[in-house]
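# Topology and contacts: notes
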Amino acid sequence: MTQPPWTGTEGPEPSGPVISAGAELDPVHPPTRPAGTARRRVSPTGLTTAEVAERVARGQINDVPVRSSRSTVDIIRGNVFTRFNAIIGVLWVIMFFVAPIQDSLFGFVIIANTGIGIIQELRAKKTLDSLAVIGEAKPTVRRDGVAAEVSTSEIVLHDLVELGPGDKVVVDGEVAEADSLEIDESLLTGEADPVVKQPGDLVMSGSFVVAGGGAFTATKVGREAYAAQLAEEASRFTLVASELRSGISTILKYVTWMMIPTATGLVISQLVVKETNVKDSVARTVGGIVPMIPEGLVLLTSVAFAIGVIRLGRQQCLVQELPAIEGLARVDVVCLDKTGTLTEGGMDVAELRTLGGADEPYVRKVLGALGESDPRPNASLQAVIDACPDSEDWRCTESLPFSSARKYSGASFSEGNGEESTWLLGAPDVLLPPGDPVLADIDQLNQQGLRVLLLVRTAGELDAADVAAGAKPTALVVLEQRLRPEAADTLRYFGEQNVAAKVISGDNAIAVGAVAGKLGLPGAADTVDARRLPAEQSAMAEELDANTVFGRVSPQQKRDMVGALQSRGHTVAMTGDGVNDVLALKDADIGVSMGTGSEATRAVAQIVLLNNSFATLPSVVAEGRRVIGNITRVATLFLTKTVYSVLLAILVVCSQVEYPFLPRHLTLLSTLTIGVPAFFLALAPNTERAKPNFVRRVMRYAIPAGVIAGTATFCTYLLARSHYSGPGALDAETSAATLTLFLVAMWVLAIIARPYTWWRIALVATMGGAFLLVLVVPWLQHFFALKLVGTTMPWAAVAVAAAAAALLEFTWRWVDRRFPADAETRAT
């Protein structure tokens, strides 16, 4: 078979620069060739080794830093230089000068927390970076006449980069060779229709090939490439677009505003109004301010995400954007492409059925020639190539590569005997008019889950819109698809988790339904031909809600279907591996690509399954649910502390009494009732489906719990002030108040830890035992300034705490009835 006609196309010698360096980028109007410039002459063999080395020495390489994670410096800076670390740092310095070391323990806790955050994120970075290298697309570059895959960063100026269906254009360039080359620039310009490229046309980084093949010369590399800045920003480790993170930011903003007036009033109350020891007043003032700060909440969120990345990384799942872990946990509709997702990429020719008395050996020659005419065959054509060897005496004079929009490919040949012929191979119901008798036989094959291609001979021109008109059916190519062994279990898992699965495929609807039926997908029997779907969004959404399997879906329709589902309030995940899935993957809430998928799909997907196993998805869902559910739990603990700290400060200011606690007391309480338990709870298994309205869900428990804890503690403090007198009265009052606050906070922890397992019970019991140890060991009593005096007041403190615990239980149940979680709607 001769080489396709586009190989080796050359252009004229340039008379000036191709594109002026530093030209302003316009994402809507891509750059065009400046007037008075010509195309660069391209050698069909590409650059020589010496020319590559020369350009590397000059720094003309594609040095855009593509990172899947923040740099080490950014990680350290992001964990150390925070608003609350700055506040605590100032208070820590003050405490060094006015109080014993035990009142400065909160500073060491912050250092430990920050260190843990840095270490875990660095571990996540290492995992992400190693997976990114595995999943990195490697463009094919022609050098010294030999095509070889290289890393994107190894491309140099004027390299000749080959293109095929699904390939992403990684740098700006000028088309040197083209064979029906169609490039989709919608991700850059918003233009939906693919653009046909001819030699001399410009191509932009970030676009991708939807049909045809060719090669282009790199004219801009590195940071000069069009949209390179956008690509760099999009590929970075990021926590944006996350309801969890934005919710925590909102909470912290409100906490900051509450802290300012409360802390100011506390400072004035303790330093000016009360005539007490200055150093003791400063210590108690700091003791009132520090617990208002939920300093560990951001840390634990980062740690939970980081550990999620590490866990998924061990399963060869690359999370390109961390919110994807959270997002997939919120998904209630998952759209599945059949080929490559429910079925394996490879196919086998099960039967070749000739039509109209066609000669089978001749048909095999035609199929072999068609296969050889496409330099980048898809899975269907590869199966044909494997079954039908090429005929050496046939010469391809023109070719039409497969396109998802057309749903067929074709070629014109000069046969060995000098006869000319033109053939098309593709979807039978596209190449034949409705009602054709051949379609009845095809429907029977489709109902068995087989994929059928139709070979037709046509007299029309390949580039004509009606090339299939009057075509003569010659043969049916029956392909057997290999079902993924894990697909049935994965679909069953989604059904059990109330996640609706929608199969959206470009294949024949009946065949798609048969495959889905073999996998046990409910509703697979009622298939819908997407060509008959209404174009109006609301009507399309109704059809999507009512049905499960859709065939003959065009790439633009896939995108429209995702939008229609989202318009109904659904959180949509889209899986795919082909170039026809790119637009839908980009628009879906979560895009999931297979590792062997096209470069374009991997570039736009948030999650890449490097092991190509659909069965990995439940692990991602479970990891997201673990993160969201557990962070909601621990956020309630942290914010309960903030609420009761603010309330105590307000009550102290209004009552004009000394603040009951020193920093050491609240450091002890925070460690035992929040810090240590929260770390274990944040990393525990959790299969509860993620729910929206994070801020509301947290605050509906944290506010009443904090109010009850703060009120109970202050009541005990006032009772103790009336009970004790003398020089050591304040220490005794503090100890009684600390006992009440610890018991109430422990009850909040006991509620949060439900449902109980052996390790949760052990965790709560261990924290209680640690506090009891402090109360009974003399040197710990002295270190933490905690000593219960007498029996009346300690038992009164326990009684107040018991009443508060009963009120907590009642309030918790009332909140569940008054604000049920299941009644909440999707956040918009």
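The text that follows walks through the structure, step by step, so that each part is easy to find. Note that this is a predicted model, so its numbers are computed, not measured. (Residues numbered from 1 in each chain as written. Predicted model: local features only at pLDDT ≥ 70, side-chain atom pairs only at ≥ 80, totals over all residues. Heavy atoms only, no water.)

### Observations concerning the packing of aromatic side chains
Here is the rule we go by: Note on ring pairs: Phe, Tyr and Trp rings are taken, using the six-membered ring of Trp, and paired if centres are within 6.5 Å. Classes follow the plane angle, with under 30 degrees stacked, over 60 edge-to-face and the rest tilted.
Within this structure, the stated rule accounts for ten aromatic pairs. Through successive ring pairs, a cluster of aromatic residues spans Y362, W394, F413 and W423.

### Considerations on the pattern of salt bridges
The criterion, for reference: Salt bridge, as used here: a side-chain nitrogen of Lys or Arg that lies within 4 Å of a carboxyl oxygen of Asp or Glu. For every residue, the accessible area obtained with a 1.4 Å probe (protein chains only) is divided by the maximum for its type, and the residue is called buried under 20%, exposed over 50%, and partly exposed between those limits.
Counting across every chain of the model gives 24 salt bridges. E351 is paired through a salt bridge with R353; the nearest N and O atoms lie 3.0 Å apart. Under the relative-accessibility criterion, R353 is labelled partly exposed at 27%. A salt bridge links D529 to R531; the shortest N-O distance between them is 2.8 Å. The class of D529 is buried, set by a relative accessible area of 11%. Counted as one network, the salt bridges with shared partners bring together D429, D529, R531 and R552.

### Remarks on the pairing of strand β20 (residues 590-594)
How we decide: Helix and strand definitions here come from DSSP, where helices need a minimum of 4 consecutive H or I residues and strands a minimum of 2 consecutive E residues; each element is numbered from the N-terminal end. By convention, a crossover is right-handed whenever its connection, traced from the first strand over the helix to the second and viewed with the strands pointing away, goes clockwise. By definition, two strands form a pair when at least two bridges between them are found by DSSP.
Most of β20 sits out of view: five of its five residues are buried. Here β20 shows no split at all, with I590, V592 and M594 on one side and G591 and S593 on the other all buried. Of the crossover connections in this fold, the one passing from strand β19 (residues 572-576) over helix α19 (residues 582-587) to the parallel β20 is right-handed. Sheet analysis places β20 next to strand β21 (residues 607-609), joined by three bridges and oriented parallel. Counted as the bridge partner of M594 is L609 from β21. Once you follow β20 into helix α20 (residues 599-604) and on to β21, the crossover reads as right-handed.

### Some words on the packing of helix α22 (residues 663-682) against helix α25 (residues 758-776)
For clarity, the cut-off: Between the N-to-C directions of two axes lies an angle of 0 to 180 degrees, each axis being a line fitted to C-alpha atoms and, for a helix, fitted only over the stretch in contact. For classification purposes, angles smaller than 35 degrees are called roughly parallel, those larger than 145 roughly antiparallel, those between 65 and 115 roughly perpendicular, and all remaining angles oblique. What makes a crossing left-handed is the near helix being turned counterclockwise from the far one by less than a right angle; a clockwise turn instead makes it right-handed. Contacts: residue pairs with any heavy atoms within 4.5 Å of one another. Put simply, Ala, Val, Leu, Ile, Met, Phe, Trp, Tyr, Cys and Pro go in the nonpolar bin, Asp, Glu, Lys and Arg in the charged bin, and everything else, Gly too, in the polar bin.
Orientation of α22 relative to α25, taken along the N-to-C sense of each, is 160°, at an axis distance of 10 Å. Here α22 is positioned roughly antiparallel relative to α25, judged by the angle of their axes. The interaxial crossing formed by α22 with α25 has right-handed handedness. The residues of α25 that touch α22, namely those facing L668, L669, L672, V676, P677, F680 and L681, are W759, R760, L763, M767, A770, F771 and V774. Of the residues belonging to the contact of α22 with α25, the class tally is 13 nonpolar, no polar and one charged.

### Quick word on the environment of G46
Following the sequence through the fold, G46 ends up in the segment before α1 (49-58). In sequence terms G46 and G145 are 99 residues apart; their C-alpha atoms lie 6.1 Å from each other. Beyond its immediate sequence surroundings of up to four residues, G46 is in contact with E51, R142 and L160.

### Comments concerning the packing of helix α23 (residues 694-723) against helix α27 (residues 792-818)
α27 packs onto α23 with a crossing angle of 160° between their chain directions and a minimal axis gap of 10 Å. Accordingly, the angle class assigned to the pair α23 and α27 is roughly antiparallel. Regarding α23 and α27, the two cross each other, and that crossing is right-handed. Residues R700, Y701, P704, A705, I708, A712, T716, L719, A720 and H723 of α23 form the contact with α27, whose own contacting residues are T792, M793, A797, V800, A804, L807, L808, T811, W812, V815 and D816. For the contact of α23 with α27, the class distribution of residues is 15 nonpolar, four polar and two charged.

### A closer look at the sheet that holds strand β18 (residues 549-551)
Read from one edge to the other, the open sheet built from eight strands follows the order β8-β21-β20-β19-β9-β16-β18-β17, with strand pairing classed as mixed. Either end of the sheet is taken by a strand with one partner, and the two such strands are β8 (317-319) and β17 (527-529). Each neighbouring strand pair of the sheet contributes to a mean axis angle of 20°, computed without reference to strand direction. Contacting β9 (333-336), β16 (500-504), β18 and β19, helix α18 (residues 555-567) runs over the sheet at an angle of about 160° to β19.

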